[in-house]
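Observations on chain architecture
One letter stands for each residue in the lines below.
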Amino acid sequence: MLYRTLMCGHLRPQHVNQEVVLSGWVQRIRDKGHFVWVMLRDKTGETQLVFEEGVSDPALILAAKALGREFVVRIVGQVIMRESPNHQLTTGEVEVRVRLLEILNPSDLPPFTIETDTDGGEELRMQYRFLDLRRKPVHQAMLLRHRALQFVRNYLSDKDFTEIETPFLIKSTPEGARDFIVPSRLHPGTFYALPQSPQTFKQLLMVSGFDKYFQIVKCFRDEDFRADRQPEFTQIDCEMSFVDEKEIMNVFTGMVKGLFQHILGVDLGEFPILTYQEAMSRYGSDRPDLRFGMEIVNLLPMVQNIDFVPFVESIQGGGTVAGIVVPGGAAYSRKWMDELTEWVKSPRFGMKGLAWLKVHEDGTTKSSFDKVADENTRKEMAAAAGVGPNDMLLILAGAGNRVATALGELRLRMGKELNLRNKDVFAPCWVVDFPLVDWNEEEQRFDALHHPFTAPHPDDLDIIDKGTARSRAYDMVINGWEVGGGSIRIHDNAMQQRIFKLLGMHEAEYEAKFGFLLGALRFGAPPHGGLAFGFDRLCAMLAGTESIRDVIAFPKNNAGRDTMLDAPSVVDNQLLKDAGIALSSK
């Protein structure tokens, strides 16, 4: 049987008078008595079928009236011009007068409408994801993901990268997030882990002489639930030998610029390079959103002589005073200011309060510290901070890192409220020179800020043991999202052991976890580095959505559950017994 001569979305005026065979799903039906119109849908789009009394067979009209939404049908008919074109559809100038209708499979009534704007909530749509995928925006997201994947694969192949698959069943060496573990039936009491990243494998491939590697790979992290995270996700994983940061950044700037041009027709322009310290001091974040200004202003020199308790306490305690200028903020109400103050005082930020200074249209000023700062002092402060007429300066005082982080989040909130974070505008950058380690107050030891295989900055080798060295790490950031990150790796065995010891590992521990890598570094490991991109996050950005679930065919929900499969679920007791696992009563 011939199911198709054309796809539904491909019909155009040049096909008029041709007989066509179409197959697809019934999108909707309009029954006007003498006329029945049926909209037929497949992956390419929709086309209108017409059944007309006096022209079509009466039995055919009755069959059309009996159709339901999402019935799978096959039709044969003649393409004709529509009397009333629908310019919202690519096929809107034509329709098909049906002479044969065959129901290939009926359908139950769907639990929600299969329309662009559906009446189904997210949980219901996740439960029936196979139906949700029929909706145009979700379907288009999957096609976008396919196009992006093919572009990346072709780009890297053209750059002489070799695509190599690495194992999914590996050894558990948790560094950061928890591993998902898999019991071994043949080796009772032992477990594999699912990879959080192919990190050590791609380094081993560089030792093996492959020079350039890539893989579009599933990774797994047993993390606490967050809206932009999934327990399994896809990353573009890459590694190169005999390169420095500049060469790696050039290759992957080219890849991402090409990807945005290919999918959206957008030129990303230049990728400015910011140091970690610069990003934190200007934007309060190591993944700055550069779509708007509102940069952090250091106010310490301007408040030295203002006898305002929060300023004085911060200065005496070795802290800082800083702020951001909010355009048009002078019009904000006291109620709104109180709400913002409570927000920065929440445990998330731990600020003691929020000070402010407004400049009115006539140039006069008003502040929350008027009692200790006269009009001239306030005007001088406003001028130095760049506060113009109708603007407001929001001010925080306290420990430097806390103030920077809180102002960074305050900046993002204000940028959103002022509609400065346009999803159709893209502002990329690279952030470099991250700290090598971060102090873990709870465990009284250093943690690797990225991972323990990141090379220290060559200018900071003498201060590694103090925990103040910079690393050779770099992140690509677009619109405040870290879309990719990587580093130059440690290729020297002695340096790798030194870093393990800095992180509080004893020799027996790091030999047990990473002895295979240390052994490989003894056999002529080349200088190498690489990075990994969050492919789901890139696709979400290209699709104009903030949720990566929208660009994953079968995602987990916010609780990490697959409601369609009802997973995770209990398993048969025999499987547990075979794996040597006994469940506790808890």
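Look up a bit, the structure's there.
What this report covers is the structure whose coordinates are included nearby. (Residues numbered from 1 in each chain as written. Predicted model: local features only at pLDDT ≥ 70, side-chain atom pairs only at ≥ 80, totals over all residues. Heavy atoms only, no water.)

1. Focus: the overall build of the protein
Along the backbone of the protein there are 16 helices and 22 strands. Reported as C-alpha extents along the three principal axes, the dimensions of the protein are approximately 95 × 75 × 55 Å. Per-residue burial over the protein gives 48% buried out of 586 residues. Considering only residue pairs separated by 6 or more positions, the protein has 66% of its internal contacts joining residues 24 or more positions apart. Once the 67 positive and 80 negative side-chain charges of the protein are each reduced to a mean point, those two points are 3 Å apart. (Helix = DSSP H or I, 4+ residues; strand = E, 2+ residues; numbered from the N terminus. Buried < 20%, exposed > 50% of the residue type's maximum accessible area, 1.4 Å probe, protein only. Contact = heavy atoms within 4.5 Å. Lys, Arg positive; Asp, Glu negative; His and termini not counted. Charge placed at Lys NZ, Arg CZ, Asp CG, Glu CD.)

2. Some remarks on the sheet that holds strand β11 (residues 273–275)
The strand order across the open sheet formed by 8 strands is β6-β9-β10-β22-β21-β20-β17-β11, and the pairing between neighbours is mixed. Two strands bound the open sheet, and with one partner strand each, they are β6 (162–163) and β11. Judged from the 7 bridges that link them, strand β10 (residues 232–241) and strand β22 (residues 528–534) form a sheet pairing that is antiparallel. Looking across to β22, one finds that S241 is bridged to H528. Strands in contact with helix α4 (residues 136–158) are β6, β9 (212–220) and β10; relative to β9, the strand with the most contacts, it is inclined by about 150 degrees. Contacts from helix α7 (residues 276–283) reach β11 and β17 (428–432) within the one sheet, and its direction differs from that of β11 by about 85 degrees. (Pairing = 2+ DSSP bridges. Axes fitted to C-alpha atoms, helices over the stretch in contact; angles between N-to-C directions.)

3. Some details on the side chain of S547
When you line up the elements, S547 lands in the loop between α15 (535–543) and α16 (573–578). The class of S547 is buried, set by a relative accessible area of 15%. Engagement of the side chain of S547 in a polar contact is seen with the backbone nitrogen of R549, the distance being 3.2 Å. (Polar contact = N/O pair within 3.5 Å; in protein donor to acceptor, adjacent residues only side chain to side chain.)

4. Describing the pattern of salt bridges
Tallying each qualifying case throughout the model produces 45 salt bridges. D433 is paired through a salt bridge with R470; the nearest N and O atoms lie 3.7 Å apart. Note that D433 is positioned in the loop between β17 and β18 (437–440) and R470 in the loop between β19 (445–448) and β20 (473–478), a separation of 37 residues in sequence. For R470, a relative accessible area of 29% gives the class partly exposed. (Salt bridge = Lys/Arg side-chain N within 4 Å of Asp/Glu carboxyl O.)

5. Remarks on the nonpolar core
Side chains of nonpolar character tend, in soluble globular proteins, to be buried together. Counting residues in hydrophobic clusters, the biggest one holds 58 residues, and the most contacted among them are L156, I236, F252, M255, V256, F260 and F533. Every residue in contact with L156, bar those within four places of it in the chain, is listed here: F161, F214, I236, C238, F252 and M255. (Core = buried A, V, L, I, M, F, W, Y, C linked by side-chain atoms within 4.5 Å.)

6. Topic: the packing of helix α13 (residues 493–502) against helix α14 (residues 507–521)
Closest axis-to-axis distance for the α13/α14 pair is 10 Å, and the angle between their directions is 160 degrees. Taken together, the axes of α13 and α14 lie roughly antiparallel to each other. Regarding α13 and α14, the two cross each other, and that crossing is right-handed. Residues N493, Q496, Q497, F500 and K501 of α13 form the contact with α14, whose own contacting residues are Y510, F514, L518 and L521. (Parallel < 35°, antiparallel > 145°, perpendicular 65-115°, else oblique. Left-handed = near helix turned anticlockwise from the far one by under 90°.)

7. Observations regarding the pairing of β18
Regular strands show a simple pattern: their side chains alternate between the two faces of the sheet. With 4 bridges connecting them, β18 and β19 associate as antiparallel partners. Within the sheet, the bridge partner assigned to N440 lies in β19 and is R445. Following β18, the chain reverses through 4 residues before pairing antiparallel with β19; Q444 in that reversal takes a positive phi of roughly 55 degrees.

8. Thoughts on the environment of T91
Of note, T91 is situated in the loop between β4 (72–81) and β5 (94–105). It is 5.7 Å that separates the C-alpha atoms of T91 and L11, two residues lying 80 residues apart in sequence. The residues contacting T91, other than those within four sequence positions of it, are C8, G9, H10, L11, R12, E46 and T47.

9. Some remarks on the packing of helix α6 (residues 245–264) against α15
Look at α6 against α15: their axes get within 11 Å of each other, and the N-to-C directions meet at 40 degrees. Compared by their axis directions, α6 and α15 come out oblique. Crossing geometry of α6 relative to α15 is assigned as right-handed. For the pair α6 and α15, the contacting residues are L259, F260, I263 and L264 in the first and L538, M541 and L542 in the second. A per-class count over the contact of α6 with α15 returns 7 nonpolar, no polar and no charged. (Nonpolar A, V, L, I, M, F, W, Y, C, P; charged D, E, K, R; others polar.)

10. A short note on the sheet that holds strand β14 (residues 355–359)
A sheet is described by the order of its strands in space; here 5 strands give the open sequence β12-β13-β16-β14-β15, paired in antiparallel fashion. Each edge of the open sheet is held by one strand with a lone partner, namely β12 (297–298) and β15 (365–367). Here 2 bridges tie β12 to strand β13 (residues 320–326), and the two strands are oriented antiparallel to one another. Across the sheet, V297 pairs through a bridge with G323, a residue of β13. Where helix α10 (residues 334–345) meets the sheet, it contacts β14 and β16 (392–398), and its direction lies at approximately 25 degrees from that of β16. Together, β13 and β16 form the strand contacts of helix α12 (residues 400–417), whose direction differs from that of β13 by roughly 10 degrees.

11. Focus on the packing of aromatic side chains
Here the structure, examined in full by the defined rule, presents 19 aromatic pairs. Note on W430 and Y474: the rings are 6.2 Å apart at their centroids and 75 degrees apart in plane angle, and the pair reads as edge-to-face. Here W430 is found in strand β17, whereas its partner Y474 is found in strand β20, with 44 residues between them in sequence. Accessibility assignment for this pair places W430 and Y474 in one class, buried. Grouping aromatic residues by their ring pairs yields a cluster made of F453, F500, Y510 and F514. The ring of F292 carries the charged tip of R411 above its face, separated from the ring centre by 4.0 Å. Of note, R537 hangs over the ring of W481, and the distance from its end group to the ring centre comes to 5.8 Å. (Phe/Tyr/Trp six-rings, centres within 6.5 Å; stacked < 30°, edge-to-face > 60°. Lys NZ or Arg CZ within 6 Å of the ring centre and 35° of its normal.)

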